[in-house]
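# Reading the structure
Each chain, letter by letter, is given below.
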Amino acid sequence: MSPRIQQLAAVLLAAVVVVAAAQDEPAAAKNYQTQWDTVMSILNCKSDSLIPSYICSVISKSRWGWASDDPNDDDEYTPDHPLPAPAAGRRRWPVMTSLNLTKYVDALPRIAKIRGYGIRHGRPVPIKLTIGMYSKTWQFHRDMPPTPVFVYGQSLQTATFPGPTIVARQGVPLAVEWQNHLPDAHILPWDPKVPTAIPKKGGVPTVVHLHGGAHPPEFDGHAFAWFTRDFAENGSTWTRKTYTYPNVQAPGNLWYHDHALGLTRVSLLAGLLAAYVIEKPELEAPMSLPCGDHDLHLVIADREFYTNGSISIDREWKPEYFGLVITVNGKAWPYLSVHRRRYRLRILNASNARYFNVTLSNGALPFTVIGSDSSYLSRPVTVSNLVLSPAEIFDVIVDFSRLPAAVTEIEMLNTAPYPFPNGTQTDPNLDGKVMAFNVSAKWQLGDDMPMPEPVNSTTAPEIGVPFAKVTALPPTMKTRYIVLYENMTSNDPNTAKTMNLYINGLRLEDPPTETPISGTTELWHVINLTPDNHPLHLHLAEFQAVQMLQLVDPDIFKTCMLQHNDTVACNLSQHAVGALQPVPEEEKTWKNVVKIPPAYVTSVVVAFRLVHNNMPYPFDATAAPGYVYHCHILDHEDNAMIRPLTLLR
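What counts, and at which threshold
Residues numbered from 1 in each chain as written. Predicted model: local features only at pLDDT ≥ 70, side-chain atom pairs only at ≥ 80, totals over all residues. Heavy atoms only, no water. Helix = DSSP H or I, 4+ residues; strand = E, 2+ residues; numbered from the N terminus. Buried < 20%, exposed > 50% of the residue type's maximum accessible area, 1.4 Å probe, protein only. Contact = heavy atoms within 4.5 Å. Areas by Shrake-Rupley, 256 points an atom, 1.4 Å probe, with all protein chains shown as cover. Pairing = 2+ DSSP bridges. Axes fitted to C-alpha atoms, helices over the stretch in contact; angles between N-to-C directions. Disulfide = S-S within 2.5 Å.

## A closer look at the overall build of the protein chain
Along its length, the protein chain carries eight helices and 34 strands. Counting only residues that meet the buried cut, the protein chain has 59% of its 649 residues in that class. Taking all contacts inside the protein chain whose residues are at least 6 apart in sequence as the whole, residues at least 24 apart take part in 77%. Carbon and sulfur atoms provide 54% of the accessible area of the protein chain, an area that totals close to 25600 Å².

Now the structure itself:
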C-alpha cells in the first residue's frame, strides 16, 4: 500500500470514528470537537485535499447535521428546505461551547449604506428603493459553520446581517417597496400558543417597522399588516406594497426591523434588523463630527448557537432570550483597527432581551454622548459607562488619541446582569466581552493630536440642539397611568402555568384605552409591577423620562392591583413616596425607548407632535389602523405586552 493510500485510510478511519460517536450520542459531540477539528484541518476540503471532494462533502455534511442522506431527516436545513414550524419531540443538536470560540479574530464588518435620496441640480430629491427579505447563510465567526439567517438587502447576494443602513435626508420623502422572498417555513421554531400571524397558505409573514419614525399609520408596519412571499397572502390591516417615509422629524438614529404579530422575537433573532439615519447637514456640520470611515454603526446582538451553526432557541415561548455569544455587526467578538483620533460610534442594542452596561477596559477612555435614539442632546455629556436597553441607541464620540502610547488594544466590556437589573452576572470570558479596538502604535497623518490633559468637550462638539429639553414643548394636557403586569394563566397547582405580560391588564386585541389628541403632549406615569426593567417603546411619539419614583411596599400594592387594577382604589399616592432615582443626563432628550425600572413609577412626557419645530404632524396620524406601544423586550412584546395606540383629532 502506498504512503498516500495509507494516509488516506487513516484520515477516513478517524473521520468515521468521530462522526459515528457523535451520531450515537449527540451530546457527546463536544468531547470529539478537538479530534474533529484535526480531521477537518487535514481534509481541508480544497482541490488539493488528500481525498476526493465528493468524500469530503459527505463528511462535511455529517458535521453539519450528524449525517443523514435522507432529505426528510430531522432539522436538516437547506435554503429550499427550511426548518419546519413548531413540532414536538424533534431532534436538536448540542449547544455550542462558546468558550471554544477565539475572540477578536474577525474584523468588524463595515455595514453597507444605501442613500435614501437622489440628487438633482445639486439638491436632494425623493427616490424609491426596493429592499427584500432573503434566506441565506452567514459566517458569524471564523471557526463556526455557516448559520442560516433571514436578512435584508437589495438582492440575495448583497443581503447582510445586519441589513444595509439607509441614510435619509430630513424633509425628503423616501419610498420603499419591501419584498418578501422568504421560504415556506421559518428557519427558527415559534410558539403558536402566543398570538401569532399564521397564513393559511404557508409562508413566513413579515412586515417592516421603521423604529422611531414619524409617519402615517398605513406606513408604520402594523402587526396585522403582514404579508408573505410575493404578497401571496396578507394580514387584516395590510393595504400596500410600498411604504413612504416623510422623514419630517429631527435628525438622528433610527432602525428598521420586522414587526409581524407573534414573530418579532424569532424574525429579529434570525436577522431582520438594520439601521436607518436621518441627516440634516446644515444642523450637523457646525458640530464637526467624525465622518466617513470614522463614523461607524455598532449593532450589538447576543446569540446562542448549536454545533451545526444554526441559532439556538427554545420552541416554547420563554420570558427572555439570552445568548452568551455577543455579536457586533454580525461577527462574534470582532476587533476594529483604529487610528489615534476621534471616532463616532452609533451603538444600537438589537438584542431580544439583553441589556448592556458597556465600558472601555481599564477605564481607559470615556464616552462623550452627543445623542440618544433619534435626537441629539442639548449639550454633550461625558460618561464612563452606557446602559443600553434592547432597541436603544447611543450616539457617542470616543477619542483614541487620549490613550497612552503604550496602549495598543482596549476592549469594550459588559457588566449588565440578565435579566436586568437583578439577574445572572455576566461571565467575564463570554458575555462580559463585546469587542476589541486595536489602536495604531503611532500617530499618523490625519490623527487628532493628543491633549496634554483630558478636558471635557475639547475634542467633542460643544453644541447640541435646543429642542432636546422637555421644557421646549407646551405643558402636558392629560395624565395617564400605565401599569406593567406579569399574569399567570392558571392558579390551579394541577394545571400547567404559562405567563402573559400585559399592560393595564389588557391585550393587543382589546379596544384601545390610550387615545391622545394628535398634536398634544401627555404625562404618562408608568408603573412597573414586575421584577424586570422594561424598555418602553411608543410608535410615532417621542418621549422622555422626567422622574423615577420608588414604590414603598410594592408587593402590597401589586397584590391590590392584581385584584382591582385601579391605582386609586389601591392608594398609589401612599406607595409612590420612595426614593427618587435621577434620570441619567445622557438620556435627557427625546427618545423612542425609555427604561422602566422595577418597583418604580416612571413619569414620562409624551409628545404626539414634532419636537424639533413644535408643530403638529404634517399628515393624518388619526387614520387606520393606528399605532401601538409596547415593551421592546421582544419576548414580552409577543406575549403580549403590547397595546393599540389610537390618535384622535
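## Topic: the sheet that holds strand E11 (residues 273-279)
Strand order in the open sheet made by the five strands is E1-E6-E11-E10-E8, with mixed pairing throughout. Each end of this open sheet is capped by a strand with a single partner; those strands are strand E1 (113-115) and strand E8 (208-211). Taking each pair of neighbouring strands and ignoring which way they run, the sheet shows an average axis angle of 25 degrees. Here E8 runs beside strand E10 (residues 252-258); their pairing, made up of four bridges, is antiparallel. If you follow Val 208 over to E10, its bridge partner there is Asp 258.

## Quick notes on the pairing of strand E29 (residues 542-550)
Looking at chain direction, E29 and strand E32 (residues 600-607) are connected through eight bridges and run antiparallel. Note on E32: the bridge partner recorded for Met 548 is Thr 602. Both E29 and strand E30 (residues 580-581) contribute to a ladder of two bridges, which runs antiparallel. The residue bridging Leu 549 from the neighbouring strand is Leu 580, located in E30.

## Points about unusual backbone geometry
Glycine aside, negative phi is the norm for most residues, and most peptide bonds take the trans geometry. Cis rather than trans, the peptide bond between Phe 420 and Pro 421 has omega equal to 15 degrees. In this structure, Pro 421 sits in the loop between strand E22 (409-414) and strand E23 (433-439). Residue Ala 640 is reached from Asn 639 by a cis peptide bond, and omega for that bond is -20 degrees. With respect to the helices and strands, Ala 640 occurs in the loop between helix H8 (634-638) and strand E34 (642-645). Unlike most non-glycine residues, Asn 329 shows phi in positive territory, near 55 degrees. As for its placement among the helices and strands, Asn 329 is situated in the loop between strand E13 (325-328) and strand E14 (331-332). Judged by relative accessible area, Asn 329 falls into the buried class, the value being 2%. The phi torsion at Ala 599 lies on the positive side, around 60 degrees, for a residue other than glycine. Tracing the backbone through its elements, the reader meets Ala 599 in the loop between strand E31 (594-596) and E32. Look at Ala 599 and you get partly exposed, because its relative accessible area is 22%.

## Structural notes on the sheet that holds E31
Reading across from one edge, E31-E28-E33-E34 is the order of the four strands in this open sheet, with antiparallel pairing throughout. Each edge of the open sheet carries a strand with a single partner, namely E31 and E34. Across this sheet, the average inter-strand angle for adjacent strands is 25 degrees, counted without regard to direction.

## Side note on the state of the cysteines
Tallied over the entire structure, the rule returns one disulfide. Covalent S-S linkage joins Cys 560 and Cys 570, the inter-sulfur distance amounting to 2.1 Å. On the S-S bond that ties Cys 560 to Cys 570, the torsion sits near -85 degrees, and the link is left-handed. Placement of the pair is Cys 560 in helix H6 (residues 554-564) and Cys 570 in the loop between H6 and helix H7 (572-575), with a sequence separation of ten residues. Accessibility classification places Cys 560 together with Cys 570 in one group, the buried group.

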